[in-house]
Amino acid sequence: LLKKSASDWAAAKKIYVKLLDKAQKDRLKSKIPLYAFELGNILFKEGDFDLAHRYLRRSVHDNFNVEASHFLLGKIDLERNRWKSSREHFEEASRAEAFSSASKLYIAQVFSRENRMSDAVGAYVDAKESALAQVTSKELISEEARFLAQQVCQRSDFLSIDFPDNLPGQPTQVDVGGIR
């Protein structure tokens, strides 16, 4: 854990590989999902998306940190241009308060990359509304959820939707960060 907290990913990876191997050898089934998740997280940070994907899928399969695993799997699939799979993972991750607004922002980005601009605009609005609700909520939310919501608010400040008063027959323009 000290290696991981010091961002020494290579050393942390070696430790978690050993822990996972030992848990599998000793049939410590309750430890395997934890180590698989941690290893997937470390491999993700190192950019080894193939192995990270494998370990995070194991974590989901074993019902451990499911939403966090889906969030990272969504980011991996986004990097790989696997739009549908990425969106599905972010939809799963958005069920957890900690990942809700950030996942919705990524869903909007996926829609943008698919050139589904009306869906993207709706998802951006949904992400920003979700983030604002979390940031301004007087209810207790985790630090991680509040941090991610604040990040979404900052990243979505470019989102300005202007619905002008149009004369009949004139199209309504939607301005999303300079895209019309």
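We now turn to the structure provided with this report.

Definitions and limits used
Numbers given to residues run from 1 along each chain, matching the order in which its sequence is written. Residues qualify for local features only when their pLDDT is at least 70, as the model is predicted, and side-chain atom pairs are given and counted only at 80 or more; totals for whole chains, interfaces and linings, by contrast, use all residues. Only hydrogens and water are removed before side-chain values are computed, so all heavy atoms of the structure are retained for them. Only DSSP runs of H or I reaching four residues or more are called helices, and only runs of E reaching two or more are called strands; each is numbered from the N terminus. Here the expected span of a helix is defined as 1.5 Å times the quantity of residues minus one. Exposure categories follow from relative accessible area, calculated using a 1.4 Å probe and restricted to protein chains: below 20% of the type maximum is buried, above 50% is exposed, and the middle band is partly exposed. Each direction from the helix axis to a C-beta atom contributes to the arc, which is the arc of those directions. Whether two residues touch is decided by their heavy atoms; if any such pair falls within 4.5 Å, the residues are in contact. By salt bridge we mean one thing: a side-chain nitrogen of Lys or Arg within 4 Å of a carboxyl oxygen of Asp or Glu.

## Brief notes about helix 9 (residues 143-155)
Then, number 1: Between the first and last C-alpha of helix 9 there are 18 Å, a value that for 13 residues agrees with the 18 Å anticipated at 1.5 Å per step.
Then, number 2: All of the buried residues along helix 9 are Ala-145, Leu-148, Ala-149, Val-152 and Cys-153. Take helix 9 and look down its axis: the buried residues cluster within an arc of 145 degrees, on one side only. Across from the buried face of helix 9, at angles greater than 90 degrees, the exposed residues are Glu-143 and Gln-154.
Then, number 3: Contacts made by the buried residues of helix 9 are with helix 7 (100-113) and helix 8 (117-136).

## A look at the pattern of salt bridges
Then, number 1: Taken as a whole, this structure holds 11 salt bridges when the rule is applied.
Then, number 2: One salt bridge in this structure joins Glu-46 and Lys-13, with 3.1 Å as the shortest N-O distance. Of this pair, Glu-46 sits in helix 3 (residues 32-46) while Lys-13 sits in helix 2 (residues 9-25), placing them 33 residues apart in sequence.
Then, number 3: The class for Lys-13 is partly exposed, based on a relative accessible area of 28%.
Then, number 4: A salt bridge links Asp-50 to Arg-80, with the shortest nitrogen-to-oxygen separation between them at 2.3 Å. On the criterion of sequence distance, the pair formed by Asp-50 in helix 4 (residues 49-61) and Arg-80 in the loop between helix 5 (66-79) and helix 6 (83-93) is long-range, its members being 30 residues apart.
Then, number 5: Owing to a relative accessible area of 59%, Asp-50 belongs among the exposed residues under this scheme.

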